[in-house]
Amino acid sequence: MTTATYIAAGSVEEAVAALAGGARAIAGGTDLVVGARQGKQTLPETLVAIHRIPGLDGMIGGDDGLSIGALTSHAAIVADPAIRDRYTALA
């Protein structure tokens, strides 16, 4: 159940390069470990951690809509007053 390669990407470019080489992106990886332990799936040969890449979390809102970063937590979305006021379905 061990992975041959673990890459902690520091930028989107590093992550994309790893993905192009066949890596699987993780932002924690709990689901992969649980699945492997239960025999549901094997761990990929290469993992690229994306949780520390700056700019992949957070939200930017404006008159023309809302942009939510891929690593923005559900808790952050629910806690944001602008989300609760303007995008009630998300909250």
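Only a predicted model underlies this, so the values are computations on that prediction, with no experimental measurement involved.

Colleague: Please provide a residue-by-residue account of the overall build of the protein, values included.
Modeller: The helix and strand tally for the protein stands at four helices and five strands. When the elements of the protein are put in sequence order from the N terminus, they spell out β-α-β-α-β-β-β-α-α. Computed over C-alpha atoms, the radius of gyration of the protein comes to 16 Å, more than 25% over the 12 Å expected from 2.2 N^0.38 for 91 residues, which places it beyond the range of a compact globule. Based on the C-alpha atoms only, the size of the protein along its principal axes is roughly 45 × 30 × 15 Å. Burial status across the protein gives 24% buried among its 91 residues. Contacts in the protein between residues at least 24 apart in sequence constitute 44% of all its contacts with a sequence separation of at least 6. When the accessible area of the protein is evaluated, it comes to approximately 6200 Å², of which 54% is carbon and sulfur surface. Computed over 6 positive and 9 negative side-chain charges, the inter-centroid distance for the protein is 12 Å.

Colleague: Give a description of the sheet that holds strand 3 (residues 46-49) that names residues and reports values.
Modeller: Taken in spatial order, the three strands make up an open sheet running 1-3-2, and their pairing is parallel. At either margin of the open sheet sits one strand with a lone partner, and together these are strand 1 (5-8) and strand 2 (24-26). For this sheet, the mean inter-axis angle between neighbouring strands, taken without regard to orientation, is 25 degrees. Across three bridges, the pairing between strand 2 and strand 3 is parallel. When the bridges of strand 3 are listed, Arg24 appears paired with Leu47. Those strands touched by helix 1 (residues 12-20) are strand 1, strand 2 and strand 3, and its axis lies near 165 degrees from that of strand 3.

Colleague: Can you break down the pairing of strand 4 (residues 59-62) residue by residue, with the values?
Modeller: In the sheet, strand 4 pairs with strand 5 (residues 65-68) via four bridges, with the strands oriented antiparallel. Along strand 5, the bridge assignment pairs Gly61 with Leu66.

Thresholds applied
Residues numbered from 1 in each chain as written. Predicted model: local features only at pLDDT ≥ 70, side-chain atom pairs only at ≥ 80, totals over all residues. Heavy atoms only, no water. Helix = DSSP H or I, 4+ residues; strand = E, 2+ residues; numbered from the N terminus. Rg over C-alpha atoms; globule rule 2.2 N^0.38 Å. Buried < 20%, exposed > 50% of the residue type's maximum accessible area, 1.4 Å probe, protein only. Contact = heavy atoms within 4.5 Å. Areas by Shrake-Rupley, 256 points an atom, 1.4 Å probe, with all protein chains shown as cover. Lys, Arg positive; Asp, Glu negative; His and termini not counted. Charge placed at Lys NZ, Arg CZ, Asp CG, Glu CD. Pairing = 2+ DSSP bridges. Axes fitted to C-alpha atoms, helices over the stretch in contact; angles between N-to-C directions.

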